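Descriptive analysis of the structure
The primary structure of each chain is shown beneath.
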Amino acid sequence: MIRAYGPALGLIALGALLPFAVSANTVLNFVVFALIIALAAQGWNLLGGLAGQFSFGHAAFFGTGAYAAALLQTRYGVNAWAAFACGIALAAAIGWVIGFLSFRSGLRGSYFALVTLAFAEVMRILANASTFTGGAAGTLVKLDIRPENFQFASRAAFVWIAVALVGFVLLLTIAITRSRFGAWLTAVRENEDAARALGVDTLAVKLKAITLSAAITGAAGALYVQYFLYLDAGIAFGAWISVEALIAPIVGGIGTAFGPILGALALHLLGEFAKSVAGGIPGIDLVLYGLLLVAVIAFAPGGIMGLLRRPRRAGRQEAR
C-alpha cells in the first residue's frame, strides 16, 4: 500500500508546501493554471489512456462545468461552493449522454473522437449565440472576496484547492488501476471484442469511464471560472482545452497516473520559456507544443514517465 501510494502522497505534500516556499504571484498563477490543465488532462487520461477511447472534444465537459458554476451564481444566486458541485454533476451528466449516444451506436476510434469534437463545437456555437450565457460578451462573476464565496485574497488558497483536487484524482487513478474496474478498462482498451466475449459489459464500463472523465474535466472548468471570474464561449468550449487535455497525457505518459501532471507542467514550462525567449510572438507556444508532441511520439512513445522508467528497466535486465 505504501509503495503504491507513497510517491503520490509525496507529490501532494510537495505541492501543498509550495506556497510557503514561494510567494510571488506570477509563480502561483502559473502553478494554479498548470494544475487546472493537469486536472482536465487527468480526466482525459481516464477515458483515453486507461479505456482507450480517444476524445477530441473534452472542451464540452470543461465548458459545461465552467458555465454551470458561473451561471448558477450570476443568474440564480446559488452559493459558489454549491455551484461548483453542480457544475461537476452537470458535466458528468453531459458525459453520460454523449457516451450513451456514441457507444450505444457502436462508435469507436476516430468516429468517436470526431463525434466528441462535434459536440464541443456545437456547444461553443450555442453558448456564443445565446443571451442566457452572455453571448460573445461572456459571463463575469461578481468579485466578492470571502472564503464562503469561494474567493480568496491570497492565491495560495487556490493552490491548495487545486493541489487537493489533482491529488484526489491522482489517488483515485492509482486505485482504479489496481481494481477490477481498472482491469476491465484495460481489457476494453486492448481488445474490446475479446473483452465482450469474456463477459465484460463493455458499454457499462465505457459509460462509467466517460462519466467519471467528464466529472473530473468539469471540475477543472468550474475551478477555472472561480479563479479567473470570467468566461466566454471561446474559453469554455474552445479547442485549446481539448488540445491541452489531450497533449499533456501523451507527453507525460498516456495511461499512467502521473503522466497528465508531468505533461501539463512540462508543456506550460515550455510555453512560458518560449514566450520569454521569442519576445511574445503569438502562437509560438502552440508551435512548440506541436514539435514536442511529434518528438515524443517519434522518440519516446511512453512520454516522460517512459523515460524515467528506462534506467530502472535497464537495471533489472542487467540484474537478470
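The residue count restarts for each chain, going from 1 along the sequence in the order it is written. Reporting of local features is limited, given that this is a predicted model, to residues whose pLDDT is at least 70; pairs of side-chain atoms are given and counted only at 80 or more, and all residues count toward the totals for whole chains, interfaces and linings. Each side-chain value is derived from all of the structure's non-hydrogen atoms; neither hydrogens nor water enter the calculation.

1. Some points on the packing of helix H3 (residues 59–76) against helix H4 (residues 80–104)
- Axes, fitted as lines to C-alpha atoms, cover a helix only where it is in contact. Angles between the N-to-C directions of the axes lie from 0 to 180 degrees. Note on conventions: DSSP H or I runs of at least 4 residues are helices, E runs of at least 2 residues are strands, and numbering of each starts at the N terminus. Running from N to C, H3 and H4 point in directions that differ by 145°, and their axes come no closer than 8 Å. Where H3 crosses over H4, the two elements pack in a sense that is right-handed. Mapping the contact onto sequence places Ala60, Phe61, Thr64, Gly65, Ala68, Ala69, Leu72 and Gln73 in H3 and Ala80, Ala83, Phe84, Cys86, Gly87, Leu90, Ala91, Ile94, Gly95 and Ile98 in H4.
- Looking at the contact of H3 with H4 residue by residue, the classes come out as 13 nonpolar, 5 polar and no charged. A clockwise turn of the near helix away from the far one marks a right-handed crossing, whereas an anticlockwise turn of less than a right angle marks a left-handed crossing. Working rule for contacts: check all heavy atoms of both residues, and any pair within 4.5 Å makes them a contact. Residues are grouped as follows: Ala, Val, Leu, Ile, Met, Phe, Trp, Tyr, Cys and Pro are nonpolar; Asp, Glu, Lys and Arg are charged; all remaining types, including Gly, are polar.

2. Re the packing of aromatic side chains
- To pair, rings of Phe, Tyr and Trp, with the six-membered ring standing in for Trp, must have centres within 6.5 Å; the planes then decide the type, stacked if under 30 degrees apart, edge-to-face if over 60, and tilted in the middle. Counted according to the given criterion, the structure contains 20 aromatic pairs.
- Ring centres of Tyr67 and Phe237 lie 5.7 Å apart, and the angle between their planes is 20°; on these two criteria the pair is classed as stacked. Note that Tyr67 is positioned in helix H3 and Phe237 in helix H10 (residues 233–237), a separation of 170 residues in sequence.
- For the exposure calls, accessible area comes from a 1.4 Å probe over protein chains only, and a residue counts as buried if that area is under 20% of its type's maximum, exposed if over 50%, partly exposed in between. Assessed through its relative accessible area of 5%, Tyr67 is described here as buried.
- On the basis of relative accessibility, which here comes to 7%, the residue Phe237 falls in the buried class.
- Ring centres of Phe150 and Phe158 lie 6.2 Å apart, and the angle between their planes is 10°; on these two criteria the pair is classed as stacked. Of the two residues, Phe150 and Phe158, neither departs from the other in class, the shared state being buried.
- Among the aromatic residues, ring-to-ring pairing joins Phe33, Phe62, Trp81, Phe84, Phe150, Phe152, Phe158, Tyr224, Tyr227, Phe228 and Trp240 into one connected group.

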